[in-house]
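Per-entry structural report
These are the residues of each chain, in order.
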Amino acid sequence: MIRRILAIIWLSTILAVAAAAPLLTVYDPVQPAGGALESPSAIHPLGTDNLGRDVFSRLVYGSRMSLVMAGMAGAIAVVFGSLLGSWSAVSRRQVDAVLTWSGNVLLSIPGLLLAMLFVASLGTGALTVTLAVGISAVPGYMRVARTLMKQIRQEEYILAAEAIGASSLRIAWRHIIPNARPRLQVLATTQLAWSFVNTTTLSFLGFAGDPSTPEWGAMLNTGRGFLLQAPHLALIPGLAISLTILALHALGTTSRSHTTI
Amino acid sequence: MIRTNQPSALPILLILLTALILTACQSSGITPEGLVYGLTLTPSGLDPHLNASSELGIPLSSVYDTLIFRDPETGEFVPGLAQRWQVSDDGCRYTFFLREDVIFHDGTPFNANAVAANLDYIVDPDHRSQKAVFMLGPYAGWSIPDPNTIVIHLTEPFSPLLDSLSQVYLGMASPLALETWGPAEYQFHQVGTGPYRFIEYIPNDHIILERNPDYAWSPSIYNSQTASVERITFRFFTDSATRAYALETGQVDVLGEIPTTEALRLSQLDEFELFTIPIPGIPFQFIFNTEHEPTDEASIREALIQALDREFIVSTVFMDTSPIAQGPLTANLLPPTASTTFPAYDPDAAIRVLTAAGWDRSSQSGDLSRGEIPFVLTVIVPPWGSAPDVAQLMAAAWQELGIDVVIKLVPGFGSLLEAQRSGDYHLIAMNDFGSDPNVITSYYASDGLYNWSGYSSPDMDQLLVEAVLSSPDGEQRLAIYREIAFLVQDEALIIPIRDYVNLVIANQRVDGLHFSSQGWFPYLIDVRLNS
Amino acid sequence: MVPISYRRSSQFLISIARRLFESLLTAWAAVTFTFLALRMSAGDPVGVLLSRGLASPADADALRIQLGLNRPLATQYVDFLSGLPGGDLGQSLYTSRPVADIILEQLPYTLALAGLALVITLVLSVFLGIGAAWWQRKPVGRMLQSVSGTAIALPVIFVGTLVLWAFRAIVTSGFLHLPPTGFQLFIPALVLGFSNSGGIAWTLQAGIQENMQAPFFLAARARGVRNGLPLLWHALKPALPPAVSLFALEASFLFTGTVVTETIFARPGLGRLLVQSILDGDFPVAQGLVVVAAFVYTVSLGLADICSYFLDPRIGREV
């Protein structure tokens with residue numbers, strides 16, 4: 001319980017920070033503001049990076065990039081995954097089979113690899129990374145959504161609706177989706193956590209292109225070149241990433257069961 | 001009773017454990033006794049006659065000997081495979097009198113025919129040499145008056161020729177090996193006369209050299225007659241962030257291109273020694289594209305230079321290890337003068353020029369634009385030499401003026417060339433090496449291979465031709481290059497950043513390491529290992 | 001527990017065959033998808049040509065012909081597919097060497113890393129999972145549970161960087177003077193093994209705890225099964241199937257983990273090869289790697305499904 005409260009506090013904090021970035025920072029995240037690799041001090045609470053840029057400013061602005069990328073990727077996965085999964089669950093056996101099989105095909109390529117495949121096709125850059133992570137997560141989410149939908153479909157009120165002749169679309173919209181929503185939400189939070197991991201990992205590996213725009217994964221990558229001189233350069237964005245993922249997981253899992261997507 | 005073992009995991013586990021054991025046995029075989037030397041770029045080909053990478057010269061300079069060698073301290077040419085040489089009065093015939101006691105690693109004898117075979121291999125148009133053929137200049141063929149003398153013919157004088165012949169790209173390979181393997185396969189089976197034999201090359205993985213026990217013709221610039229280390233393994237470390245780690249954990253004994261702050265840190269430790277090797281040639285710079293708006297106007301280019309505090313950029317990224325570049329050639333090739341020095345940092349002057357040209361900042365976004373057109377700069381940057389860091393600082397400075405800067409990181413040399421080909425850039429980063437100022441020719445000649453600025457001028461072409469006609473070490477030649485440098489500065493064709501310095505760290509096992517005139521290539525024959 | 005009935009052996013063989021066929025079909029589709037995805041983007045490998053010093057259109061044509069890029073896509077696809085059973089995965093754009101050779105060269109490094117990581121995962125997840133369940137109400141148990149949760153959540157990029165930092169700090173402080181090669185394999189394997197162990201540990205723990213509430217468990221206690229290991233075994237045994245499936249799953253997903261670990265710890269291997277080939281645009285190599293990964297995953301999942309039938313015949317009816 002305490003976990004969930006802490007998680008909510010952390011997530012609201014970084015969302016607020018991302019939104020209010022210009023108000024919180026004195027220095028431009030892209031401009032050198034001091035000497036290189038300075039330790040945290042009064043002027044620069046988190047020190048400066050290897051080009052003299054204020055780390056705190058970069059962290060704050062970086063939250064925008066990281067959260068937007070992960071959020072959009074997660075949204076793509078959840079929205080399209082739910083839609084496709086629901087559609088698959090309520091439609092004719094052949095359609096269901098085709099969709100399920102397609103999903104399995106894509107699932108046979110591990111998630112990060114699939115995302116890298118899309119990046120290889122679409123080119124590097126923040127946008128393509130976001131799309132790649134989102135699309136590569138759709139099959140997994142679709143499968144989970146479909147299973148959920150099928151379970152709900154067996155429940156009695158659905159059978160009743162079918163008995164009186166309601167169309168499958170109406171059933172899906174008025175009955176299945178509203179009832180699935182709470183469970184899907186929980187899964188969505190976990191999915192968001194995985195999207196966050198994958199977007200920051202791809203950014204870390206250098207697929208996100210532009211090096212000056214601050215982003216947590218990229219900052220972690222740059223920071224590891226200076227681990228012994230200025231460990232804070234890597235550890236601070238790394239910690240930010242990890243706390244966010246922990247928070248999302250804490251919200252997404254119930255105390256006993258655990259589902260990996 | 002049901003089976004309660006886990007068969008699904010068991011086969012996987014068994015396979016992986018077996019693989020683990022086999023690999024452990026195998027990797028102890030891969031780990032060599034001897035020296036481990038690090039390489040930082042993977043060249044697309046390893047044949048020095050055909051490929052241009054500086055990286056290949058690091059191992060291969062010890063596999064091949066050249067006709068002459070160049071003293072890294074004095075710049076003088078000393079005998080190598082040629083005991084002495086003569087240049088004709090008209091500068092078009094170079095006669096080399098060869099040693100008679102030299103044998104290739106495959107046992108075949110070195111003689112004038114061997115030299116001829118090498119020259120033919122280099123100039124063969126089907127082989128598409130990327131560097132060696134250009135180093136021969138106005139080459140017109142060879143003649144062999146007797147079995148151990150060869151004459152190289154030129155159509156015009158070419159002062160860089162001796163320097164060219166002292167480099168690994170014109171190293172002497174066994175004609176039998178060249179014939180047997182052909183241009184595609186030879187890189188995997190190289191045979192020279194040098195202090196080390198070429199054993200194996202697995203691209204992206206390793207190169208293995210072994211000591212040549214028969215080596216007995218070492219030039220005066222080597223400190224030893226024969227090599228000391230039995231075996232040298234070259235491994236690739238393309239990720240700059242992990243190079244210090246590789247040194248710390250003993251994965252490699254010598255590694256260059258160490259990021260500045262890490263090199264300085266390691267040099268403080270007893271276990272490591274830092275070598276700061278200046279690389280003469282084309283300094284690390286950004287080349288303007290004069291065929292793309294708005295960098296097609298010289299005044300704009302100059303303004304962009306003035307907007308940069310290049311001193312600050314160089315000192316931030318390179319600390320004191322690299323001097324700021326003052327022109328199109330490094331200071332050790334062409335000492336700068338007042339007339340060739342590039343404009344200093346003057347942001348106000350930059351703004352004045354931009355405003356006068358019609359570029360205003362919109363009150364809303366702060367972006368610079370002329371009418372409807374925003375000022376956007378596309379900068380192409382490779383990953384080596386801290387280039388991305390420099391680019392970011394440049395972008396930050398220009399963004400202060402309201403210019404929108406797009407940095408395009410390209411992962412390798414091939415993609416750098418491709419990006420340049422597309423023409424879709426305003427600035428592109430480049431650096432090159434060479435111990436003769438002639439290396440500048442292909443950058444500014446109208447038909448030059450690396451003329452990425454798109455600049456074409458008959459005056460410049462004339463100067464470049466004159467420069468190679470003059471005698472190698474005349475003051476006259478330097479004066480011509482100074483004129484060239486002035487033109488480059490006057491037209492603001494480049495933004496010079498730093499004279500390239502390679503930071504090499506060697507651990508305490510290594511003694512006697514020193515480098516050639518080109519800076520990149522170690523003389524491995526003199527390296528000794530303490531245990 | 002019901003012994004397997006060999007009366008249904010023909011039915012059993014049919015379902016195995018069907019399962020294998022499905023696996024192969026899925027693998028084929030994944031391979032085709034990979035082929036199309038990369039060919040769509042590859043276009044003309046101009047960069048490759050230029051980096052090899054081939055500038056003229058004639059040279060470009062020659063290389064295109066050599067690589068087979070001038071033929072229609074369908075022909076290239078058929079060639080690619082027909083080469084697969086023989087182990088021909090095409091040629092690298094940059095070095096013209098067979099992709100299969102390149103992959104085989106890097107394979108031992110990744111196998112060593114993944115193999116050791118798998119062993120560590122096994123050990124850690126068993127310890128964490130069983131420990132957290134057995135001592136579930138004690139602080140020790142809760143701590144072990146937190147460790148599992150952390151292992152699931154913490155991304156490899158951070159765990160790896162953290163461990164790298166600690167390792168380098170120790171090495172350079174002179175405390176551990178130039179460690180033997182073994183450490184260079186063990187440390188990254190530890191990172192990878194730890195990251196993968198969380199999920200399995202959690203599943204094991206949840207399963208055991210659930211079983212401890214079940215009637216059969218209370219019956220066992222009532223029967224007088226001794227407290228301690230024998231009793232634990234009763235709760236553990238039925239919890240194994242999902243954990244084992246997850247383990248098989250993780251084993252084939254290990255490849256993904258090696259991508260990051262090899263990058264951070266400067267180790268050669270397939271993961272690093274994949275990153276480099278994508279950044280370089282060497283699409284035959286990238287394609288070969290993904291194809292191999294997809295194939296391995298599909299086949300091992302198929303095998304795991306078949307084998308899990310032995311563990312619990314009830315599953316078989318749903319196959």
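Residues numbered from 1 in each chain as written. Chains lettered and ligands numbered in written order. Predicted model: local features only at pLDDT ≥ 70, side-chain atom pairs only at ≥ 80, totals over all residues.

Examining the overall build of chain B
Scanning chain B for helices and strands turns up 16 helices and 23 strands. At 26 Å, chain B has a C-alpha radius of gyration in line with the 24 Å of a compact globule built from 531 residues. Dimensions of chain B, computed from C-alpha atoms along their principal axes, come out at roughly 95 × 70 × 45 Å. The contacts in chain B between residues at least 6 apart in sequence include a share of 68% that link residues at least 24 apart. (Helix = DSSP H or I, 4+ residues; strand = E, 2+ residues; numbered from the N terminus. Rg over C-alpha atoms; globule rule 2.2 N^0.38 Å. Contact = placed C-beta atoms within 7 Å.)

A word on the overall build of chain C
Each helix and strand counted, chain C has 13 helices and zero strands in total. Listing every helix and strand of chain C by position from the N terminus yields α-α-α-α-α-α-α-α-α-α-α-α-α. Burial statistics for chain C: of 319 residues in total, 47% are counted as buried. Taking the contacts inside chain C whose residues are at least 6 apart along the sequence as the reference set, 74% of them involve residues at least 24 apart. (Buried ≥ 20, exposed ≤ 12 C-beta atoms within 10 Å, placed from the backbone.)

Describing the nonpolar core
Residues A:Val119 and C:Ala294 are the most contacted members of the largest nonpolar core, which totals 316 residues. Sort the elements by how many residues they give to this core and helix H3 (residues 55-90) of chain A lands first, with 16 residues. Among the domains, domain 1 (36-277 + 503-529) and domain 2 (281-499) of chain B are the pair contributing at least three residues each to this core. (Core = buried A, V, L, I, M, F, W, Y, C linked by C-beta atoms within 7 Å. Domains from an automatic or database assignment.)

Side note on the environment of A:Trp10
Residues and elements named next belong to chain A. Structurally, the position occupied by tryptophan 10 is in helix H1 (residues 2-19). Residue class for tryptophan 10 comes out partly exposed when judged on the 17 C-beta atoms lying within 10 Å of it. Separated by 236 residues in sequence, tryptophan 10 and leucine 246 have C-alpha atoms that sit 9.9 Å apart. Once you skip the residues sitting within four places of it in the chain, tryptophan 10 turns out to touch Leu243 and Ala247.

A few points about the sheet that holds strand S6 (residues 139-146) of chain B
Residue and element names in this part refer to chain B. Sheet architecture is open: four strands sit in the order S4-S5-S7-S6, paired in antiparallel fashion. Looking at strand neighbours, the two that pair on one side only are strand S4 (82-87) and S6, the edges of this open sheet. Along the sheet, successive strands turn relative to each other by an average axial angle of 20 degrees, direction set aside. Looking at chain direction, S6 and strand S7 (residues 149-154) are connected through five bridges and run antiparallel. Each residue of the ladder has a partner; that of aspartate 146, found in S7, is threonine 149. Running at roughly 165 degrees to S6, helix H3 (residues 112-123) makes contact with strand S5 (93-98), S6 and S7 of the sheet. (Pairing = 2+ DSSP bridges. Axes fitted to C-alpha atoms, helices over the stretch in contact; angles between N-to-C directions.)

Overview of unusual backbone geometry
Residue and element names in this part refer to chain B. Residue glutamate 293 is joined to proline 294 through a cis peptide bond whose omega torsion reads -15 degrees. In this model, arginine 128 sits at a positive phi of 50 degrees, which is unusual for a non-glycine residue. Relative to the helices and strands, arginine 128 resides in the loop between H3 and helix H4 (132-135). Judged by the 16 C-beta atoms lying within 10 Å of it, arginine 128 falls in the partly exposed class. A positive phi angle, near 50 degrees, is found at methionine 319, a position not held by glycine. Here methionine 319 is to be found in the loop between helix H10 (310-318) and helix H11 (347-356). Overall, the presence of 13 C-beta atoms within 10 Å leaves methionine 319 in the partly exposed class.

Side note on helix H4 (residues 93-107) of chain A
Between the first and last C-alpha of H4(A) there are 20 Å, a value that for 15 residues agrees with the 21 Å anticipated at 1.5 Å per step. If you check which residues of H4(A) are buried, you get A:Leu99, A:Gly103, A:Val105, A:Leu106 and A:Leu107. (Expected span 1.5 Å × (residues − 1).)

Details of the sheet that holds strand S20 (residues 494-498) of chain B
Residue and element names in this part refer to chain B. Within the open sheet, the five strands sit side by side as S18-S17-S19-S13-S20. Their pairing is mixed. Two strands close off the open sheet at either side, each with one partner strand: strand S18 (404-409) and S20. Ignoring which end each strand starts from, the neighbouring axes of this sheet average 25 degrees apart. Summarising the sheet, strand S17 (residues 376-381) and strand S19 (residues 427-433) pair through two bridges and their orientation is parallel. Each bridged residue has a counterpart across the sheet, and for valine 379 the counterpart in S19 is leucine 427.

Quick notes on the packing of H1(A) against helix H10 (residues 232-252) of chain A
Residue and element names in this part refer to chain A. At a closest axis distance of 8 Å, the pairing of H1 and H10 adopts a crossing angle of 130 degrees. Judged on the interaxial angle alone, H10 and H1 are oblique. In this structure, the crossing between H1 and H10 has a hand that is left-handed. Every residue of H10 that contacts H1 at Arg3, Arg4, Ala7, Trp10, Leu11 and Ile14 is listed here: Leu243, Thr244, Ala247, Ala250 and Leu251. Residue composition of the contact of H1 with H10, grouped by class: eight nonpolar, one polar and two charged. (Parallel < 35°, antiparallel > 145°, perpendicular 65-115°, else oblique. Left-handed = near helix turned anticlockwise from the far one by under 90°. Nonpolar A, V, L, I, M, F, W, Y, C, P; charged D, E, K, R; others polar.)

Structural notes on the domain arrangement of chain B
Residues and elements named next belong to chain B. Assigned domains within chain B: domain 1 (36-277 + 503-529) and domain 2 (281-499). The straight-line distance from the C-alpha centre of domain 1 to that of domain 2 is 31 Å. Listed by partner, the interface residues are 22 residues for domain 1 and 18 residues for domain 2. Looking at the side of domain 1 that touches domain 2, the elements with two or more residues in it are helix H5 (161-165) and helix H8 (260-268).

Some details on the environment of A:Ile8
Residues and elements named next belong to chain A. Counting through the fold element by element, isoleucine 8 comes out in helix H1. The partly exposed category is assigned to isoleucine 8, around which 13 C-beta atoms lie within 10 Å. Between the C-alpha atoms of isoleucine 8 and threonine 190, which are 182 residues apart in sequence, the distance is 14 Å.

What about the environment of B:Glu257?
Residues and elements named next belong to chain B. Here glutamate 257 lies in the loop between strand S11 (254-255) and H8. Taking the C-alpha atoms as reference points, glutamate 257 and leucine 41, separated by 216 residues in sequence, lie 9.9 Å from one another. Setting aside residues no more than four positions away along its own chain, glutamate 257 makes contact with Thr40, Ser240, Trp384 and Asn502.

Here we look at the packing of helix H15 (residues 458-469) of chain B against helix H16 (residues 475-490) of chain B
Residue and element names in this part refer to chain B. As a packed pair, H15 and H16 sit with axes 9 Å apart at the nearest point and diverge in direction by 155 degrees. The angle between the axes of H15 and H16 places the two elements in the roughly antiparallel class. Where H15 crosses over H16, the two elements pack in a sense that is left-handed. Residue-level inspection shows Met460, Leu463, Leu464, Glu466 and Ala467 of H15 in contact with H16, the latter providing Arg477, Ile480, Tyr481, Glu483, Ile484 and Leu487.

With respect to the pairing of S17(B)
Residues and elements named next belong to chain B. Bridging between S17 and S18 involves six bridges; their strand directions are parallel. Bridging from a neighbouring strand, leucine 377 pairs with valine 405 of S18. Each parallel crossover has a hand, and the one from S17 via helix H12 (residues 387-399) to S18 is right-handed. (Right-handed = clockwise from strand over helix to strand, strands pointing away.)

Description of the confidence of the model for chain C
Residues and elements named next belong to chain C. Summing up the model confidence of chain C, the mean pLDDT is 79 and the portion of residues at 70 or higher is 83%. This model gives residues 315-319 a pLDDT under 50, and the stretch forms eight contacts once residues within four places in sequence are excluded. Both confidence scores are given for the complex: pTM 0.88, ipTM 0.85. (pLDDT = per-residue confidence, 0-100.)

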